[in-house]
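Notes for the structure review
Letter by letter, the chains look like this.
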Amino acid sequence: MEIDQQLDIITDRAVDLVSRDELRRKLEQARAANRPLRVKYGADPSAPDIHLGHVVGLNKLREFQDLGHLVVFIIGDFTGMIGDPSGRSDTRPPLTRAQVQDNARSYQEQVFKILDPRRTEVRFNSEWCAPLKFEDILRLTAKITVARMLAREDFQKRMQANFPVSLVELLYPLVQGYDSVMVDADVEIGGTDQLFNLLVGRDLQKAFGKEQQSVLTLPLLEGLDGNRKMSKSLGNYVGVTEPPDAMYGKLMSIPDELMWRYFELVLCRPASETVSRQQALAAGKLHPRDLKDELAQAVTGKFHGAEAAAAAAVEFKRVFAEHQLPKDMPEVVLPADQFKDNRIWVAALIVAAGLAESNAAARRLVQQGAVRLGDQKITDPRADVEVATGCILQVGKRGFARLTR
RNA sequence: GGUGGGGUACCGAAGUGGUCAACCGGGGCAGACUGUAAAUCUGUUGGCUAUGCCUUCGGACGUUCGAAUCGUCCCCCCACCA
């Protein structure tokens, strides 16, 4: 494939690129020397679940692999102890070695849903970070200035808002950059919030007399709420190991305007497709629900196969469009001691079925008209009800239980 | 080390002796509507079968008929100056 063609693929969807000329040169040199580029990508093992936000980066890595390049996937078991200050995350609790290893294992499993394992080198950065002596660290810190670190936007903002910035956070980019030195990265990719860290990698490589990595950033995918970036701690994520029904349902719940981002960033659909579809939508030729269904099925299918995705779609239509009962629902055996004269208080029933956290919450749900038992709506929060085995309790749109006495 | 400002429910943030289970916003949940768990609007958001009772406003003791609010001690956080 022509170099320019490769460049086009690589830079598609990219936000920052340092720099195009440099990357072209690297591609040319790699071809001449008949060796793959080493494309670095780092992941923090503090949260073991890969979600669609990560998939944006993984997709890009896969494109590199399909062009014959090698992905150096770094598991930041050492940096994980610091916590990435990007996007002003809170201080994270330190992980035990066992946790890190567990997380790292599930990470690899999940990552290879997208990456090609034959073209991936997995490394733990404790390999070279743990042996560092304090003296080595001093040498490392001498290579970068305070002003350079403080120039970073996150830090600026936090300091202006009187949010704390710890010294160790200042060191984070340094460690990440040191990784680049140690693995001889030719290219590093990350989200746009990683730009600073990635550039520090270049600085350090230069300071160590090595070739500087090219840097490429990708957009941050918004989470289900449509505003903030997808992250596990915000709870607005879709994990790649979630069951098909949950995955499909979550995707159907994103705001309509967000669909395009998911089409482009998760499914790598071309921007031109977005434009033509937006026009068709405006003209009334396409229905947003159908488009979102396509999105949800395609994404679910990417991780679970088309068949499972189609089944999830059918189930979703049954439950939410036609308001029918779901095919599967949890079976709940009710404790006999809750019954008096063969009846049970409705709030206690809901709690026993696991559909509310407390009697008070259950009462509120009843008052709001969210509760059905069999084909009957229950509106009196003080009602005592009879329950026959096989009877179905519904709480809200999504809460179901098949009851057993 | 010095000075100042803080710690309130999931988050942010009011409240500075009783009318406070605690305004308001975000988030969550529910209902209506619908095109979907979109959008919009409305309600709700400590616990207890409950016109009341219990637990909660960094912690511990106090003062008071009564404390998130006052006092003492302690813990923690932030900024500025050194």
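Owing to the predicted nature of the structure, the values given are computational and were not obtained by experimental measurement. (Residues numbered from 1 in each chain as written. Chains lettered and ligands numbered in written order. Predicted model: local features only at pLDDT ≥ 70, side-chain atom pairs only at ≥ 80, totals over all residues. Heavy atoms only, no water.)

**Focus on the packing of aromatic side chains**
- Tallied over the full model, the rule gives 5 aromatic pairs.
- Centre to centre, the rings of phenylalanine 73 and tyrosine 107 are 6.3 Å apart; their planes meet at 50 degrees, and the pair counts as tilted. In this pair, phenylalanine 73 sits in strand 3 (residues 70-75) while tyrosine 107 sits in helix 4 (residues 97-111), placing the two residues 34 residues apart along the sequence. Comparing phenylalanine 73 with tyrosine 107, the two get one shared label, buried.
- On the basis of an interplanar angle of 45 degrees and a centroid distance of 4.8 Å, the ring pair of phenylalanine 316 and phenylalanine 320 is categorised as tilted. Residue phenylalanine 316 and its partner phenylalanine 320 are located together in helix 15 (residues 306-321), separated by 4 residues, close to a single helical turn. (Phe/Tyr/Trp six-rings, centres within 6.5 Å; stacked < 30°, edge-to-face > 60°. Helix = DSSP H or I, 4+ residues; strand = E, 2+ residues; numbered from the N terminus. Buried < 20%, exposed > 50% of the residue type's maximum accessible area, 1.4 Å probe, protein only.)

**Focus on the protein's contact with RNA strand B**
- The environment of RNA strand B is made up of 29 residues, and the closest members are Met252, Ser253, Asp256, Arg364 and Arg398.
- Restricting the count to atoms of RNA strand B within 4 Å of the protein gives a sugar and phosphate share of 61%.
- In the environment of RNA strand B, a phosphate oxygen lies 2.6 Å from a nitrogen or oxygen atom belonging to the side chain of serine 358.
- Measuring from a base nitrogen of RNA strand B, one finds a side-chain N or O atom of arginine 398 at 2.6 Å.
- Those elements that provide at least two residues to the surface near RNA strand B are helix 11 (244-252), helix 14 (288-304), helix 15 and helix 17 (359-367).
- Classifying every residue of the surface near RNA strand B gives 12 nonpolar, 9 polar and 8 charged. (Near = heavy atom within 4 Å. Polar contact = N/O pair within 3.5 Å; in protein donor to acceptor, adjacent residues only side chain to side chain. Nonpolar A, V, L, I, M, F, W, Y, C, P; charged D, E, K, R; others polar.)

**Comments concerning unusual backbone geometry**
- Between valine 18 and serine 19 the backbone carries a cis peptide bond, its omega angle lying at -20 degrees.
- With respect to the helices, strands and loops of the structure, serine 19 is situated in the loop between strand 1 (17-18) and helix 2 (20-33).
- Of note in this structure, arginine 13 is not a glycine but carries a positive phi near 75 degrees.
- Of note, arginine 13 is situated in the loop between helix 1 (3-11) and strand 1.
- For asparagine 34, which is not a glycine, the phi torsion comes out positive at approximately 55 degrees.
- Structurally, the position occupied by asparagine 34 is in the loop between helix 2 and strand 2 (38-43).
- Overall, the relative accessible area of 71% leaves asparagine 34 in the exposed class.

**Let's talk about helix 14**
- For helix 14, which comprises 17 residues, the first-to-last C-alpha distance of 24 Å matches the rise-based estimate of 24 Å (1.5 Å per residue) to within 8%.
- Of all the positions in helix 14, only Leu291, Lys292, Asp293, Leu295, Ala296, Val299, Thr300, Gly301 and Phe303 are classed as buried.
- On its buried face, helix 14 sits against helix 3 (52-66), helix 11, helix 12 (259-265), helix 13 (271-282) and helix 15.
- The positive-phi residue at the C-terminal boundary of helix 14 is glycine 305, with phi of around 90 degrees. (Expected span 1.5 Å × (residues − 1). Contact = heavy atoms within 4.5 Å.)

**Details of the sheet that holds strand 5 (residues 187-191)**
- The sheet built from 6 strands is open, its strands ordered 1-6-5-2-3-4 with mixed pairing. Since the sheet does not close on itself, it has two edges, and those belong to strand 1 and strand 4 (120-124), each with one partner.
- Sheet topology places strand 1 next to strand 6 (residues 214-218); 2 bridges connect them, and they run antiparallel. Counted as the bridge partner of valine 18 is valine 215 from strand 6.
- Sheet strands in contact with helix 3 are strand 2, strand 3, strand 4, strand 5 and strand 6, and its direction is about 160 degrees off that of strand 2. (Pairing = 2+ DSSP bridges. Axes fitted to C-alpha atoms, helices over the stretch in contact; angles between N-to-C directions.)

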